[in-house]
Amino acid sequence: MYSEAGEGPVRQLFEALKEPALLVAQGTIRVGNRAARRLLGEEIEGRHVAAAIPHPAAVEQLSGVSEHPFAEVELVGLGESRRHWLMRVAPLDDASVFVRFADLSEARAAEQMRVDFVANASHELRTPLATLVGYAETLREQAETLDSATRDRFTSIVHEEARRMQRLVEDLISLSRIEAERFSRPKDSLLLPPLIEQALTACRGMADERGCDIRVAAPADLPPVVGERSELLQLLDNLIMNALRYGRPGTPVRITAEPERDMVHLAIADEGEGIAAEHIPRITERFYRVDPSRSRSLGGTGLGLSIVKHIVERHRGRLTIESEEGRGTTVHVLLPMARPPLS
C-alpha cells in the first residue's frame, strides 16, 4: 500500500481520520496522522515502534514477532498516566500494518465508578446491618434478663439503624432513577416559592430541634422554572436538611431565590463550620464525606449532594458551592426559566 509515489494520497487519507492512526512497515512507523502525533510525539515517523510506543505487547504486534498476530492490545498510560487505549492492528497486502487507537478512558472510568459505587454501597449497608443483627440477637436471646429500660434502648437503636438503611436504599433508588432519566429534559413550568414552602414543612422538626430559624427571601412574582416537581422538592429537601444538619445550632439558614438573566438563582446558606477548599471539588461524589463520623451521626447517607448534582444536570442548570471554614457554606443552583408559550 505504501510507497514514495503514493505517499500523498495515503497521508491525506490518514489525516482525515479523527482517531490516532499509524502505517507501520518492518517495525518502523511510515505515516502517523495528526492525532497520532499528538499522542506519541511529533517526530514519530521514521522511528522504530519500540521507541514510539514503549509497551512490550504493542511492540511484539507491530514488529511481526508476536505468536498471536493482529490481536487487540490495551495500553494504559499512553500519552497520559490515566488514559486507556485499545490498539487495533489490520494487515495490508504489502506486509505493512494499519494501526488504530481507540480511546477507552471514559469507558474505563465509568467502569471504575460502578465498581467503587457497589463497594461503597455495600460498606454503607454493612454497618447498620451488623448493628441490627447484633441488637436483634441480644433481644431475642436475652429478652428475659434485660430490664425494660435496656430493652427500650436496644429497640430504639434497632429502629434508628433500620431507618438509616431505609434512607440509604431510598437515596440509591432515587439516584438510579435520576441517572436513567438524565437525557430526558423536564418540561413542566413550576413556581419555586410554593415548592420551598412545601419542602420547609418536612424540615421544621429538625429546625426546631437545632434551634435554627429558616429565613426565606423569594419575590412573589418570581418567574417559573422548567422542572419536575418531585425532583425539585428532593433537591430543596436535601439542601435545606444539609444546611440544618451542618449549620451551628441556633444559627439561621437563609434561602433566597431571584431571577438572573434567563435563569432563576436559588441559594441556600448556613452558618456552620464550613468546608475546606480541597474538599469542594469532591463533595458531590457518591459517598464522599468531609467528616464521615459526623455525617453518619447526623443521619447523612453520603448521597445527598450527588443526587442534587444529578437533578441539576437533568434540568440543564448549574451547581456551585462556596464555603469558608468557620463561617459556613452556600449552595447556588441556577435553573432555566420557563419560556412563555408562543401566541
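As the structure is a computational prediction, the values presented were derived from the model and not from experiment.

Participant: Would you mind going over the pairing of strand β9 (residues 253-260) in detail, with residue names and values included?
Facilitator: Taken residue by residue, a regular strand's side chains alternate between the two faces of the sheet. The sheet contact formed by strand β7 (residues 214-217) and β9 spans four bridges and is parallel. The partner of Val216 across the bridge, within β9, is Ile255. The pairing of β9 with strand β10 (residues 263-269) spans seven bridges and is classified as antiparallel. By the bridge assignment, Thr256 is partnered in β10 with Ala267.

Participant: Which residues make up helix α10 (residues 304-314), and what are the values?
Facilitator: By the criterion of burial, α10 is predominantly enclosed, with nine of the 11 residues buried. Among the residues of α10, Gly304, Leu305, Ser306, Ile307, Val308, His310, Ile311, Val312 and Arg314 are the ones counted as buried.

Participant: Hey, could you go over the packing of helix α6 (residues 148-180) against α10 for me, with residue numbers and the actual values?
Facilitator: Where α6 contacts α10, the two axes come as close as 10 Å, and the packing angle between them is 20 degrees. In terms of orientation, α6 and α10 fall into the roughly parallel class. Crossing geometry of α6 relative to α10 is assigned as left-handed. The segment α6 lies against α10, with Asp171, Ser174, Leu175, Ile178 and Glu179 engaging Ser306, Ile307, His310 and Ile311. Each residue belonging to the contact of α6 with α10 can be placed in one class, and the counts come to four nonpolar, three polar and two charged.

Participant: Give a detailed account of the sheet that holds strand β12 (residues 328-336), specifying residues and quantitative values.
Facilitator: Reading across from one edge, β7-β9-β10-β12-β11 is the order of the five strands in this open sheet, with mixed pairing throughout. Looking along the sheet, the strands with just one partner apiece sit at the ends: β7 and β11 (318-324). Each strand of the sheet is rotated relative to its neighbour by a mean of 15 degrees, with strand direction disregarded. Here helix α8 (residues 229-246) sits on the sheet in contact with β7, β9, β10 and β12, set at roughly 30 degrees to β10. Along the sheet, α10 makes contact with β11 and β12, crossing β11 at roughly 145 degrees.

Participant: Outline the environment of Ile178, supporting the account with residue identities and numerical values.
Facilitator: With respect to the helices, strands and loops of the structure, Ile178 is situated in helix α6. Between the C-alpha atoms of Ile178 and His310, which are 132 residues apart in sequence, the distance is 6.7 Å. Here Ile178 is in contact with Glu231, Gln234, Ile307, His310 and Ile311, once residues within four sequence places are set aside.

Participant: Outline unusual backbone geometry, listing residues and values.
Facilitator: A positive phi angle is found at Arg261, which is not glycine, with a value near 55 degrees. Relative to the elements of secondary structure, Arg261 occurs in the loop between β9 and β10. Take Arg261: its relative accessible area is 68%, and that puts it in the exposed class. The residue Arg316 is not glycine, and still its phi comes out positive at about 60 degrees. Checked against the element boundaries, Arg316 lands in the loop between α10 and β11.

Participant: With reference to specific residues and values, describe the environment of Val333.
Facilitator: One can find Val333 in strand β12. Under the relative-accessibility criterion, Val333 is labelled buried at 0%. For the pair Val333 and Phe154, spaced 179 residues apart in sequence, the C-alpha to C-alpha distance is 41 Å. Residues contacting Val333, with those up to four places away along its chain left out, are Leu235, Leu239, Val264, His265, Leu266, Val312, Arg318 and Leu319.

Reading the values: the criteria
- Residues numbered from 1 in each chain as written.
- Predicted model: local features only at pLDDT ≥ 70, side-chain atom pairs only at ≥ 80, totals over all residues.
- Heavy atoms only, no water.
- Pairing = 2+ DSSP bridges.
- Helix = DSSP H or I, 4+ residues; strand = E, 2+ residues; numbered from the N terminus.
- Buried < 20%, exposed > 50% of the residue type's maximum accessible area, 1.4 Å probe, protein only.
- Axes fitted to C-alpha atoms, helices over the stretch in contact; angles between N-to-C directions.
- Parallel < 35°, antiparallel > 145°, perpendicular 65-115°, else oblique.
- Left-handed = near helix turned anticlockwise from the far one by under 90°.
- Contact = heavy atoms within 4.5 Å.
- Nonpolar A, V, L, I, M, F, W, Y, C, P; charged D, E, K, R; others polar.

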